[in-house]
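Architecture and fold: a report
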Amino acid sequence: MYQTILYELAQGVTKITLNRPDKFNAFTQQMNKEIVTALKQADKDPDVRCIVITGAGKSFNAGQDLGEVEGVEIDYGGFLRNRYNPMIVQVRETEKPVIAAVNGVAAGAGMSLALACDIRLVSEKASFTDVFIQIGLVPDSGGCYFLPRIVGIGKALELAMTGDKVSAEEAYRIGLANRVFSAQDFEQEVMAYAGKLAKLPTKGIGLIKRTMYKGLESGLQETLEYEAYAQDIAGSTEDHKEGVRAFFEKRPPVFQGR
Ligand code: T3D
């Protein structure tokens, strides 16, 4: 069904692999579209309780495929509105945790995609580069939104203005990476981490995602009210009941994700 990505589901975790390794998994129009479709598919499927986005081969993603745009007159605004913005919005609207498993370099819009994900797990061989400026462009695909929120405005401006490469170690130090794993164990560690998330109350995690991102945009009163609204929903889930029951029965809870 997919031509530029791989879609695999096992034990509650969907792995979406960007699969153009000879081009460092650079985005084509087809790939932008397929990522949106795959995220919607995973969001709708009750068997999916965590989503991992990773890259095939040596890199995570090198941004726009420059071969596709070289020498072509481009309506840059339209390009982003039609291709990249829907992809980024879909990552955020997906009511399941989305992990970027950054196996190698994440450049340009590839870095922005990783930033849009909820959690970034990084191989020791990974790096990030906000490479846009090196071709005279502005960070897009949410880069100007996510980066200052994750690392602070001073560091964000530095990374965007220079396009300098950030190593995995530095990414962890500045809060860009949640965890760094050895390259050898990377896939196994990522799947173990994702597997743990997939066993937690999925509905509750979706509500945390929605409420916390909304909190970033709102004042205290509005956030308090939204928390109350979200808690009404979380409080009526089977997983909430199971959590309380398990506490009193002194056993580990078994969450079903609903
Ligand atoms: O129209 C618009 O552009 C608007 C949309 C913007 C969204 C964006 O993402 S703009 C940013 C576009 N991306 C870039 O400018 C990144 C270009 N690539 C690089 O700077 C470097 O390749 C990397 C830093 C990503 C990796 O460097 P390195 O030294 O590890 O690898 P390499 O040798 O440069 O690349 C390896 C191969 O991947 C190479 O192919 P070859 O020569 O072995 O056949 C290279 O051409 C290919 N590749 C890497 N990036 C792209 C690419 N091919 C097409 N498009 C790419 N973006």
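How each quantity is defined
- Residues numbered from 1 in each chain as written.
- Predicted model: local features only at pLDDT ≥ 70, side-chain atom pairs only at ≥ 80, totals over all residues.
- Heavy atoms only, no water.
- Pairing = 2+ DSSP bridges.
- Helix = DSSP H or I, 4+ residues; strand = E, 2+ residues; numbered from the N terminus.
- Axes fitted to C-alpha atoms, helices over the stretch in contact; angles between N-to-C directions.
- Contact = heavy atoms within 4.5 Å.
- Parallel < 35°, antiparallel > 145°, perpendicular 65-115°, else oblique.
- Left-handed = near helix turned anticlockwise from the far one by under 90°.
- Patch = residues over 30% accessible without salt bridge, like charges linked within 9 Å, V, L, I, M, F, W, Y side chains within 5 Å.
- Areas by Shrake-Rupley, 256 points an atom, 1.4 Å probe, with all protein chains shown as cover.
- Salt bridge = Lys/Arg side-chain N within 4 Å of Asp/Glu carboxyl O.
- Domains from an automatic or database assignment.
- Polar contact = N/O pair within 3.5 Å; in protein donor to acceptor, adjacent residues only side chain to side chain.
- Nonpolar A, V, L, I, M, F, W, Y, C, P; charged D, E, K, R; others polar.
- Near = heavy atom within 4 Å.
- Core = buried A, V, L, I, M, F, W, Y, C linked by side-chain atoms within 4.5 Å.
- Buried < 20%, exposed > 50% of the residue type's maximum accessible area, 1.4 Å probe, protein only.

Some details on the sheet that holds strand S8 (residues 165-167)
An order of S5-S7-S8 is seen for the three strands of this open sheet, with the pairing classed as mixed. Two strands close off the open sheet at either side, each with one partner strand: strand S5 (105-107) and S8. Averaged over all pairs of adjacent strands, the angle between strand axes in this sheet comes to 20°, irrespective of strand direction. Where S5 and strand S7 (residues 127-129) come together, three bridges link them in parallel fashion. Directly across from Ala106, in S7, lies its bridge partner Phe128. Along the sheet, helix H4 (residues 109-116) makes contact with S5 and S7, crossing S5 at roughly 100°.

Side note on the sheet that holds strand S4 (residues 98-102)
Read from one edge of the open sheet, six strands run S1-S2-S3-S4-S6-S9, paired in mixed fashion. Either end of the sheet is taken by a strand with one partner, and the two such strands are strand S1 (5-10) and strand S9 (179-181). Direction aside, the axes of adjacent strands within the sheet are offset by 20° on average. Here strand S3 (residues 50-55) pairs with S4 via four bridges, running parallel.

Some thoughts on the packing of helix H3 (residues 76-93) against H4
Relative orientation of the contacting elements H3 and H4 amounts to 20°, with a least axis distance of 9 Å. Classed by the angle they form, the pair H3 and H4 counts as roughly parallel. The way H3 lies across H4 gives a crossing that is right-handed. Here Tyr84, Met87, Ile88, Val91 and Arg92 of H3 come into contact with H4, specifically with Ala109, Ser112, Leu113 and Ala116.

A short note on a nonpolar patch on the surface
On the surface, a nonpolar cluster with roughly 390 Å² of combined accessible area is contributed by Leu66, Tyr76, Ile135 and Leu137. Of note, Leu66 is situated in helix H2 (residues 66-69).

Comments concerning the domain arrangement of the protein
Partitioning the protein into structural domains gives domain 1 (5-198) and domain 2 (202-248). Between the C-alpha centres of domain 1 and domain 2 the distance comes to 27 Å. In this assembly, domain 1 and domain 2 are joined by three salt bridges. Between Arg149 and Glu217 there is a salt bridge, and its shortest N-O distance comes to 3.8 Å. Inspection of the domain 1/domain 2 interface yields eight residue pairs in polar contact (both at pLDDT 80 or more). For the side of domain 1 that touches domain 2, the per-class residue count stands at seven nonpolar, one polar and six charged.

A look at the site of the ligand
Inspection of the region around the ligand gives 21 residues, with Ala62, Gln64, Leu66, Tyr76 and Ala109 positioned closest. Contact between the ligand and Ala62: a nitrogen atom at 3.0 Å from a main-chain N or O atom of the residue. Take Gln64: an N or O atom from its main chain is 2.8 Å from a nitrogen atom of the ligand. About the coverage of the ligand: the protein hides 65% of its 1,000 Å² of free accessible area. Elements with a contribution of two residues or more to the shell around the ligand: H2 and H3. Each residue belonging to the shell around the ligand can be placed in one class, and the counts come to 14 nonpolar, three polar and four charged.

Let's talk about the nonpolar core
Core analysis: the largest hydrophobic core is formed by 49 residues, its most contacted members being Ile53, Val102, Leu113 and Phe128. Discounting residues that sit within four places of it in the chain, Val102 has contacts with Phe60, Ala114, Leu121, Val122, Ser123, Ala126, Phe128 and Phe186. Judged by nonpolar contacts, the second largest core, of 15 residues, contains Val52, Phe186, Tyr193 and Ala194.

Let's talk about unusual backbone geometry
Of note, the phi angle at Asn25 is positive, near 60°, even though the residue is not glycine. Looking at the secondary structure, you find Asn25 in the loop between strand S2 (13-18) and helix H1 (29-44). Since its relative accessible area comes to 0%, Asn25 is described here as buried. In this structure, Lys250 is a non-glycine residue whose phi angle is positive, near 50°. Within the fold, Lys250 resides in the segment after helix H11 (238-248). Classification of Lys250 as exposed rests on a relative accessible area of 77%.

Re the pairing of S4
By the criterion of burial, S4 is predominantly enclosed, with five of the five residues buried. The two faces of S4 match: Val98, Ala100 and Val102 on one face and Ile99 and Ala101 on the other face are all buried. Two strands pair when backbone bridges link them, and S4 and strand S6 (residues 119-123) are joined in this way by four bridges, in the parallel orientation. When the bridges of S6 are listed, Ile99 appears paired with Ile119.

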